[in-house]
Amino acid sequence: ERGPQGYRLTLAGRRLAEDLAPLQSAIAHLPRVLDPPHRPRVRISAGPWTAEFLARHLTASDTWVPEIVSGEARVDLARREADIGVRNARPDQPWLAGQRTARITYGVFASDPAPSGFVATRNARAPSQQWLRDQHGTSIVTTVSDARLGRDLALAGVGRVVLPRFAARGTALRQMGLTIDALSHDEWLVSHAEARHDPPVRAALTALTTLLTERGLRPEA
């Protein structure tokens with residue numbers, strides 16, 4: 001049934017879900033019973049910088065394997081297009097559960113000596129790119145199709161680039177000026193309220209929470 005808050009089960013659907021609830025834990029264990037070496041994949045959706053961070057820092061697990069989906073487009077967790085999403089806002093749908101992980105801050109970065117122009121990403125919908133075009137639109141010298149290519153061009157001295165501060169960590173880029181307060185936002189780890197209890201998803205959420213809240217890797221200040 002469709003209502004103001006989205007879709008919900010009919011009365012018959014709720015009764016069926018109650019009857020099948022005891023089977024969920026058994027279903028979750030089936031892959032290990034039928035194929036012991038198999039580790040279930042947990043699909044994680046994140047923006048390009050967070051996806052890169054996860055790929056670099058996630059450690060191997062005996063119980064699950066990450067499948068990382070990188071991109072600016074938001075996947076539909078309600079339709080199980082992904083098991084877990086790393087989002088820049090708290091979920092407002094009742095069927096989604098969220099946990100705050102960190103405060104993400106942004107800055108302008110450049111190599112040394114710093115060029116005067118900027119490298120922009122063609123995805124103008126991204127808040128960082130909207131800010132760049134509003135504040136420095138006349139100073140954009142070139143564009144790229146992928147944000148990570150923009151960082152590479154900044155490292156090559158082609159122009160300045162707007163980045164989450166953790167994305168410049170460990171590179172030769174240096175921050176030009178202060179943190180951009182207008183782009184700072186809370187990061188949320190989001191999952192389907194029911195799917196989060198599946199053992200592989202639960203294990204992945206625990207691992208992601210530990211990693212994304214590690215201030216040594218992603219300082220907020």
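If you're wondering where the values come from, they're calculated on a predicted model, not measured in any experiment.

### Some details on helix H5 (residues 147–155)
Because an α-helix packs 3.6 residues into every turn, residues spaced three or four apart end up facing the same way.
And step 1. Among the residues of H5, those classed as buried are Ala147, Gly150, Arg151 and Ala154. Viewed end-on, H5 has its buried residues packed into an arc of 100°, placing them on one side of the element.
And step 2. Structurally, H5 contributes buried residues whose contacts are with helix H3 (48–57), strand S8 (118–121), strand S9 (140–144) and strand S10 (161–164).
And step 3. With a side-chain oxygen positioned 2.7 Å from the backbone nitrogen of Arg148, the residue opening H5 is Asp146.

### Considerations on the sheet that holds strand S7 (residues 106–110)
And step 1. Pairing in this open sheet of 3 strands is antiparallel, and the strands run S10-S7-S11 from one edge to the other. The strands lining the two open edges of the sheet, one partner per strand, are S10 and strand S11 (174–176). Geometrically, the sheet is characterised by an average inter-axis angle of 55° between neighbouring strands, direction not taken into account.

### As for the pairing of strand S5 (residues 84–87)
And step 1. Of the two faces of S5, the one lined by Ile84 and Val86 and the one lined by Gly85 and Arg87 are each fully buried.
And step 2. In terms of strand pairing, strand S3 (residues 41–46) meets S5 through 2 bridges, oriented parallel. Among the inter-strand pairings, Ile44 is bridged to a residue of S5, identified as Ile84.
And step 3. As judged from the 4 bridges shared by S5 and strand S12 (residues 185–192), these two strands associate in the antiparallel manner. Residue Val86 lies in a different strand from S12, and its bridge partner there is Leu189.

### Describing the nonpolar core
And step 1. Counting residues in hydrophobic clusters, the biggest one holds 40 residues, and the most contacted among them are Ile44, Leu54, Ile84, Val162 and Leu163.
And step 2. With 6 residues, the top contributor of residues to this core is helix H6 (residues 199–212).
And step 3. Setting aside residues no more than four positions away along its own chain, Leu54 makes contact with Ile44, Ile68, Val86, Leu208, Leu211 and Leu212.
And step 4. With 6 residues, the next largest nonpolar core counts Val75, Leu77, Ala82 and Leu96 among its residues.

Calculation criteria
Counting starts from 1 at the beginning of each chain's written sequence and moves along it residue by residue. The predicted origin of the model limits local features to residues at a pLDDT of at least 70 and limits the giving and counting of side-chain atom pairs to 80 or more, whereas totals for whole chains, interfaces and linings rest on all residues. Excluding hydrogens and water, the side-chain figures rest on all heavy atoms present in the structure. Summary of the burial criterion: residues with accessible area below 20% of their type's maximum are buried, those above 50% are exposed, and those between are partly exposed, where the area comes from a 1.4 Å probe applied to protein chains only. Put simply, DSSP marks the helices as runs of H or I at least four residues long and the strands as runs of E at least two long, and each gets a number from the N terminus on. The directions from the helix axis to the C-beta atoms are what the arc is built from. Two residues qualify as a contact provided that any one of their heavy atoms is within 4.5 Å of a heavy atom in the partner residue. Here a polar contact is recorded for every N or O atom pair within 3.5 Å, except that within protein the pair must consist of a potential hydrogen donor and a potential acceptor, and residues adjacent in sequence are included only if both atoms are side-chain atoms. Pairing between two strands requires that DSSP report at least two bridges joining them. Angles run from 0 to 180 degrees between N-to-C directions of axes, and those axes are lines fitted to C-alpha atoms, restricted for helices to the stretch in contact. Here, nonpolar core means buried Ala, Val, Leu, Ile, Met, Phe, Trp, Tyr and Cys residues that are tied together by side-chain atoms lying within 4.5 Å of each other.

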